[in-house]
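Chains, contacts and geometry: an overview
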Amino acid sequence: MLKSKAEFAKLLAILFIGTPLFIGCNDEPATIGLEILPSDDLFEANMQIESPIVMNVWTDGIQSDGPTENAYGILGYFNDPRFGITKADFVTEFSLVTPREAFKENNNFGVDSVVLSLSYFPVTFTSTINRTPVFSWYGDSTAIHHVKIYELNERLTPTGKYYSNTPMEGRYFPEVIGEKIWKTNDNKKDSIWNVNNYVNTVKIHLSEAFGNKLLNLSSKDLAHRDSLKDAINGLYITLDDPANPQLFNSLLRLNLLATTSNLTLYYHEKIYDAVTNEYYGKESFSYTFPINRESRMFNRFTHDHSNKIEFESPSTPFLHIQNMSGSYVKVDFSDKILAWKETLEKMEQSGHDQYGISSVELVFEADTFTKEHAALYAPKLTELLIYQKDESGKLIIPRYKDSYNNTVSAFARTSATYNSLTNQFVFKMRPDYFVKVAKGEIQAAPFYLRGSSPEFRVNRIVLINTAFPEQKPKLHIKYVKYK
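Computed from a prediction, not measured in an experiment: that's the story for all the values here.

On a plain count of helices and strands, the protein chain comes out with seven helices and 29 strands. Looking at the protein chain as a whole, 50% of its 483 residues are labelled buried. Contacts in the protein chain between residues at least 24 apart in sequence constitute 80% of all its contacts with a sequence separation of at least 6. Here the protein chain has roughly 23,500 Å² of accessible surface; of this, 50% comes from carbon and sulfur atoms.

Take a look at the structure:
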């Protein structure tokens with residue numbers, strides 16, 4: 001009877017350790033099935049709670065170029081009460097859809113205007129509870145920006161990589177070709193911004209000299225998008241520091257791939273009688289250069305955390321995760337995994353208790369205790385991704401070879417979504433990965449938390465560390481023990 005009970009316990013443990021169902025289940029895997037065992041059974045389920053080493057870390061820059069499905073240009077200056085100052089500007093090209101002949105056929109052609117159009121709009125999420133618009137700005141919607149446009153003096157290489165700390169010195173002509181005093185909400189009423197599918201487009205008039213450069217493009221220049229970009233390299237869109245840098249100010253997220261984001265040349269031809277040379281008037285034309293997926297771009301970010309964030313310290317009160325190449329979080333629990341090495345290796349020896357890892361969870365709580373300024377529009381990050389670093393220091397999704405020799409993620413999901421009921425982000429590691437690391441089959445290494453698409457998004461979040469010890473990050477190791 002004792003042997004059969006032990007065999008049954010062993011079989012049950014193997015079943016729920018090896019079944020993928022338990023990885024994503026909301027129940028407690030370390031307790032499922034216990035009710036079917038006799039009370040004097042030799043099977044135990046336990047949970048070990050550990051505190052990983054966590055700290056804020058910093059990087060000089062991230063790759064921040066496009067085109068991509070999420071190509072947003074970020075522009076602004078934001079004095080964040082929790083993160084300090086961030087300034088953002090960007091570089092972009094415009095493109096050509098189809099070849100065309102030169103605009104100017106003779107000296108009777110002239111420029112009327114050149115207009116750069118940039119669009120931004122709220123995105124409305126529909127739920128069974130409400131419809132909440134997510135706006136394109138971050139911070140104070142009434143903040144004013146002095147935007148300036150410069151022409152690049154060198155082309156963005158088609159296959160080159162551009163980073164958020166790419167210097168702009170010497171990359172553009174010194175003359176300002178366009179500028180605009182621009183309020184983030186564009187002086188529109190709140191009711192307008194809440195209209196479904198509303199698109200706000202700001203138009204910036206560029207200089208006559210730049211317009212003449214466009215008008216004088218040859219048919220060869222206009223034969224292909226690459227020849228156009230050789231002739232007109234692109235634009236650097238930046239802004240002055242605000243009149244009062246101590247105010248909150250704001251960041252603006254511009255949808256460069258919107259059809260309403262483009263560059264338009266307005267021009268005319270003067271009409272004269274071929275015999276008498278009498279002037280009849282003029283015929284007007286326009287041509288729109290799109291900013292599309294053939295247009296390279298990249299965002300630039302500079303930060304001044306003003307002693308608001310404590311870096312490289314496990315005792316920091318809070319953990320700060322900011323997109324835009326800002327602060328992110330390092331998590332290391334290698335020692336907690338390796339501590340299982342001897343225990344798991346004894347499973348292969350007779351006469352020892354047997355153990356199985358049923359679930360491994362990494363839990364973080366968001367800071368809702370520290371209140372931020374009520375006047376700010378600053379929605380928090382609601383999705384975090386977990387990474388490791390490769391040999392070059394690049395952040396990559398942690399993967400490994402499973403027992404079927406398939407390459408899979410080390411975690412059941414590579415991201416964790418904010419749970420508003422528990423106020424938590426939870427990452428679930430695959431038990432098989434935990435065991436392989438513990439046994440030395442995979443090298444133990446730290447993990448890193450960051451937001452998704454940090455090159456094109458502005459959100460951030462503060463997580464609790466030592467400020468509230470009961471809510472600090474935890475590692476839950478759930479396991480079974482049997483004879």
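So, next bit.
Residues F94, W182, F210, L214 and F289 are the most contacted members of the largest nonpolar core, which totals 44 residues. Listed in part, the 38 residues of the second largest apolar core include L344, V360, A366 and A410.

On to the environment of I321. Residue placement: I321 occurs in strand 18 (residues 318-322). Taking the C-alpha atoms as reference, I321 lies 5.5 Å from R460; in sequence the two are 139 residues apart. Those residues in contact with I321 that sit more than four places away from it in its chain are F83, S327, Y328, V329, L381, L384, L449, R450, G451, R460, I461 and L463.

Further remarks concern the pairing of strand 28 (residues 460-464). Successive side chains on a regular strand alternate, one facing one side of the sheet and the next facing the other. Most of strand 28 sits out of view: five of its five residues are buried. Burial along strand 28 is two-sided: the residues R460, V462 and I464 and I461 and L463 are all buried. The pairing of strand 18 with strand 28 spans five bridges and is classified as antiparallel. The partner of L319 across the bridge, within strand 28, is L463.

Strand 5 (residues 84-92) sits mainly inside the fold: eight of its nine residues count as buried. Count of turn residues in the strand 4 (residues 72-80)/strand 5 antiparallel hairpin: three residues. Bridging between strand 5 and strand 17 (residues 297-304) involves eight bridges; their strand directions are antiparallel. For K87, the partnering residue across the bridge sits in strand 17 and is T302. In this sheet, strand 13 (residues 235-239) lies alongside strand 5 in antiparallel orientation, the contact comprising three bridges.

This brings us to helix 3 (residues 208-215). Residues of helix 3 that are buried: F210, G211, L214 and L215. Down the axis, helix 3 shows its buried residues gathered within 145° of arc, on one side only. Buried residues along helix 3 sit in contact with strand 6 (109-120), strand 10 (144-151), strand 12 (200-206), strand 13, strand 15 (262-272) and strand 16 (279-290).

This part takes up the confidence of the model for the protein chain. For the protein chain, per-residue confidence averages 89 on the pLDDT scale, and 88% of positions sit at 70 or higher. In the model, residues 1-9 has pLDDT below 50 throughout and makes 10 contacts with residues more than four positions away in sequence or in other chains.

Let us look at unusual backbone geometry. A cis amide bond, omega 10°, links G66 with the succeeding residue P67. Structurally, P67 is set in the loop between strand 3 (65-66) and strand 4. Positive phi values are uncommon outside glycine, yet N187 reaches one of about 60°. Its location among the elements puts N187 in the loop between strand 11 (178-183) and helix 2 (190-193). Of note, the phi angle at N423 is positive, near 65°, even though the residue is not glycine. On the secondary structure map, N423 appears in the loop between strand 25 (415-417) and strand 26 (424-429).

Another point: the pattern of salt bridges. This model, assessed by the stated rule, comprises 21 salt bridges. For R171, the salt bridge identified is with E154, shortest N-O distance 2.9 Å. Placement of the pair is R171 in the loop between strand 10 and strand 11 and E154 in the loop between strand 10 and strand 11, with a sequence separation of 17 residues. The exposure class assigned to R171 is partly exposed, which follows from its relative accessible area of 22%. We classify E154 as partly exposed; its relative accessible area is 35%.

Turning our attention to the side chain of S250. Relative to the assigned elements, S250 resides in strand 14 (residues 249-255). Here the side chain of S250 touches H145 through a polar contact of 3.0 Å, side chain to side chain. Contact partners of S250, with chain neighbours within four places excluded, come to L75, G76, Y77, F78, Y138, G139, D140, A143, H145 and T184.

Conventions we followed
Along each chain, residues carry numbers from 1 onward, in the same order as the chain's sequence is written. Reporting in this predicted model follows two pLDDT cut-offs: at least 70 for local features of residues, and 80 or more for side-chain atom pairs to be given and counted; totals over whole chains, interfaces and linings ignore these cut-offs and use all residues. Excluding hydrogens and water, the side-chain values take into account all heavy atoms of the structure. Here a helix means four or more residues in a row that DSSP labels H or I, a strand means two or more in a row labelled E, and each is numbered from the N terminus. For the exposure calls, accessible area comes from a 1.4 Å probe over protein chains only, and a residue counts as buried if that area is under 20% of its type's maximum, exposed if over 50%, partly exposed in between. In this analysis, two residues are considered to be in contact whenever any of their non-hydrogen atoms come within 4.5 Å of each other. The Shrake-Rupley method, run with a 1.4 Å probe sphere, supplies the accessible areas, and residue values consider only the shown protein chains as cover. Residues belong to one nonpolar core when they are buried, are Ala, Val, Leu, Ile, Met, Phe, Trp, Tyr or Cys, and are joined through side-chain atoms within 4.5 Å. Note on pairing: two strands pair once DSSP finds at least 2 bridges between them. The directions from the helix axis to the C-beta atoms form the arc being described. By definition, pLDDT measures how confident the predictor is in each residue, and it falls between 0 and 100. Whenever Lys or Arg places a side-chain nitrogen within 4 Å of a carboxyl oxygen from Asp or Glu, that contact is recorded as a salt bridge. Counting of polar contacts relies on pairs of N or O atoms within 3.5 Å, with two restrictions inside protein: one atom must be capable of donating a hydrogen and the other of accepting it, and residues adjacent in sequence are counted only when both atoms are side-chain atoms.

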